[in-house]
Amino acid sequence: MSTEQNPFYTGETVTLRCSVEGPHNYWRYKWFHDLTDIEVTTSVRCGLHRDTLTIRAPPTARLILSPNPAYIGETVTLNCTVESGSGWSYRWFRGSREIKESQSAVITITADEYVQGRYYCLGKKDSRPKSSSPSGIRGLSVTALPTAGLTISPNPAYSGESVTLTCIVESGSGFSYRWFRGSSEIKESQSAVITITADESVQVNKPVVTIESAKTVVLTGDKVTLTCSIGESSGWRSYWYKNSKGSDPVSESEGVHYTFRPSSIPEGGEFWCRGGRGHPVYYTEYSQPISINVTARPYGVLTLQPDWTQIYMGETVTLKCEIKGTEDFTNWKYNWNNKEGTRMKPISTTESEYKFNPTTIEMNEFTCKGVGDSVKGHSETSEPLRLTVSAKPRPVLRVSPSWLNPGDSVTLTCGLQVSSTDWRFYWYRTVPYQAGLPSLAHQSYSVEPLLDSDHGTVESSYILHGATLTARYVCRAGRGQPVYYSYYSGAQFLWSGDQRPSVSLTVNTNRTQHLTSESVSLSCEGNSAGWTVKRNTTYRLSKCPYPKVI
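Residues numbered from 1 in each chain as written. Predicted model: local features only at pLDDT ≥ 70, side-chain atom pairs only at ≥ 80, totals over all residues. Heavy atoms only, no water.

Residues Leu 505, Val 507, Val 520 and Leu 522 make up a contiguous nonpolar surface patch of roughly 380 Å² in combined accessible area. Mapped onto the secondary structure, Leu 505 falls in strand β45 (residues 503-508). Exposure remark for Leu 505: the relative accessible area of 61% places this residue in the exposed category. (Patch = residues over 30% accessible without salt bridge, like charges linked within 9 Å, V, L, I, M, F, W, Y side chains within 5 Å. Areas by Shrake-Rupley, 256 points an atom, 1.4 Å probe, with all protein chains shown as cover. Salt bridge = Lys/Arg side-chain N within 4 Å of Asp/Glu carboxyl O. Helix = DSSP H or I, 4+ residues; strand = E, 2+ residues; numbered from the N terminus. Buried < 20%, exposed > 50% of the residue type's maximum accessible area, 1.4 Å probe, protein only.)

So, in C-alpha cells, the structure goes:
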C-alpha cells in the first residue's frame, strides 16, 4: 500500500493505493483504519499490509486592524500574517464577501461609514499547503472625528500680557496639535497648551482701575469696604496698597473688595489698588488714591444721680448716659441694657435718662451706648455701673434722758446704719389714732410731726425743750427728690416726773365669770375734774357710747 504525499493537511484529497505482487490480476481489496476491524472497502481477500497516514491542520492566519476604532477619513491598516511557510498571497473578506486579493500581507482602507464591519483574512499559495486557516474575525468600528475646542485666557488681553491657549479634544488620546491664527498655521506642538504674548495688535491700553468706598470718614470699629473696579474683563486678583504705591500690598484678594475695621486712628490713610492676573503676573496701572479718615469712636459714660453708693428697695434711681469723645455728633438715641445675674435684658427706652424703682434685693449691672444714623453709627458701650439694692432701712431711736424733770431738755437720736450722708431725719410724736394722720401698721396710734421738724433735720439728733408730759416718739429718715423714706423707728417713751391726774377703773359685778351677751358695768373715776372718758379694748382707743364727764 502506498500514498502519494505524506503528511496531508485537513481538507486535502488523499489517494491510497494497494498493490499485490503476482500473476493474478483480479484481486479484490479490504481496507482498515487504525488496525480496527472496520471494513472500508471489500475485495477479494488478500494478505494484510499496514501504512501510516499523517494529517495536520493548515497554518493559521492572524489579522490586525490599526487603528481600531478608526475615525471617518482616517487610514486603517489591515495586516495578515500566516504563522509558517512562505510564498503566501492573501485574500481579504468583510463579512462573507471577499473584498480583495493581494500578494502583500498589508493593505490599507479609508475609514468611512461603509467600511465598518467584521473582517478576516487567509493565505493561499500554489504549493502545499495551498491555503491557511482563516484568521479570527475582527470588528472595525468607525466613529465621527472628535471635536477640538479652544479656550483663550485671559480674553480680552492687553498689550504685553501672557495669553494661554488650550486645545481640548473631547475624546481619544495621543494627539499632537496644530495652531492657527486666521488661515495661517502658527505652531505645531505635542502639548495641548501654548502661551503667547499679547502685542499691540491685540489691545493697546491697559484697563482703567478705579477705587471707591461708601464712606470716607469712619469711626474706629466701623466696617470699611473698598471696591477696585478693573475694566470689563475677568480673572483679576486685586492688590491693595496703603500710604505708598511702591510698598508691599497690605492685602490681596480674589474678588474686587477689601474689607477692614480700623481699631485706631493710624489705620486710616491713603489707599490704592491695582489688578493682576496670569503667571507671570500681569499688572494694571494703579488706581487714583482714596483717603479714609478714621476718628476715635465716641464712648458712653454712665452715672448715677445722685451718686449714692447704696440703693434701697423702692427708692427712685436715675441713671444718666452721656456720649463723650465727639462734638460733631448730637441728637443721639440711647440703648440700655441691664444684666441681672447672667441674663442681659434690654431696657425699653431711648432717652438719655432712665428712672426706675428697684423692687427686689439684688445686684444689677447697667450699660448704655449712643445710637445714631448711618453716618455716625454708634458709640462704644459704657463701662458697667453696678448697683446693689438693699432692703429698706429701719432706724433706731434713742431718748436721752428717758426720765426727765419738768422743764428739762431731752435729746432724740435717730440712728441709721447706712454709709450715705445725704439723709434728713424726721421726728414724730405718737397720738391716739386720728383719721388724716399717718398711722403705724397694726398699731392703735397715729404719728404727728413735731411742730418745727416738718421738713426734717440734717442732723440725726433733735432736742426737745421744756418737755413736761410723758409721751412716745418715733423717727424716720429720708433722702432724694421725691423723698424716699425709711421705715419708722420703734416708739420710745419719754417718762415725765410730773404728777399726772390719777384715774381708777371699777367693775361693778359680784360674779367672777362673765358670759357673752351679759351686761357689765364699768366705772372710771379720777381725782380731778374736766376729763372725758374713753375706752381701750384690745389696744384700740375709742370714745365711749355714752361719754361721761368726771
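By secondary structure assignment, the location of Thr 457 is in the loop between β40 (445-449) and β41 (461-464). Along the primary structure Thr 457 and Ala 477 are separated by 20 residues, whereas in three dimensions their C-alpha atoms are 9.3 Å apart. Non-local contacts of Thr 457, meaning those with residues more than four positions away in its chain, are made with Arg 424, Phe 425, Trp 427 and Tyr 462. A distance of 3.1 Å separates polar atoms of two side chains, one belonging to Thr 457 and the other to Trp 427. At 2.7 Å, the side chain of Thr 457 forms a polar contact with the backbone oxygen of Glu 459. (Contact = heavy atoms within 4.5 Å. Polar contact = N/O pair within 3.5 Å; in protein donor to acceptor, adjacent residues only side chain to side chain.)

A separate point is the environment of Ile 265. Position of Ile 265 relative to the elements: it lies in the loop between β24 (257-260) and β25 (269-277). Distance from Ile 265 to Asn 293, taken between C-alpha atoms, is 7.8 Å for residues 28 residues apart in sequence. Ignoring anything within four residues of it in the chain, the contact list for Ile 265 reads Thr 220, Val 294, Thr 295 and Ala 296.

Now for the sheet that holds strand β12 (residues 138-140). Taken in spatial order, the four strands line up as β9-β8-β11-β12 in an open sheet, and their pairing is antiparallel. Pairing within the sheet leaves two strands with one partner each, and these edge strands are β9 (97-102) and β12. The mean inter-strand angle of the sheet, taken between neighbouring strand axes irrespective of direction, is 30 degrees. (Pairing = 2+ DSSP bridges. Axes fitted to C-alpha atoms, helices over the stretch in contact; angles between N-to-C directions.)

Attention now goes to the state of the cysteines. Any covalent bond linking the sulfur atoms of two cysteines counts as a disulfide. Across all of its chains, the model carries four disulfides by this definition. The disulfide partner of Cys 321 is Cys 368, and the S-S distance across this bridge is 2.0 Å. On the sign convention where negative is left-handed, the bridge of Cys 321 and Cys 368, at about 85 degrees about the S-S bond, is right-handed. Taken together, the residues span a long stretch of sequence, with Cys 321 in strand β30 (residues 317-324) and Cys 368 in strand β34 (residues 363-371) at a distance of 47 residues. Accessibility expressed as a relative area gives 2% for Cys 321, which makes it buried. Here Cys 414 is linked by a disulfide to Cys 475, with a sulfur-sulfur distance of 2.1 Å. Measuring handedness by torsion sign, the sulfur bridge of Cys 414 and Cys 475 sits at about 80 degrees and is right-handed. Placement of Cys 414 in strand β38 (residues 410-415) and of Cys 475 in strand β42 (residues 471-479) is noted, with a sequence separation of 61 residues between them. Residue Cys 414 shares its accessibility class with Cys 475, and that shared class is buried. (Disulfide = S-S within 2.5 Å.)

Along strand β36 (residues 396-400), the buried face is formed by Leu 397 and Val 399; none of Val 396, Arg 398 and Ser 400, which line the opposite face, is buried. Of the strand pairs in this sheet, β36 and β38 are connected by five bridges, and their pairing is antiparallel. Paired with Leu 397 across the strands is Cys 414, a residue of β38.

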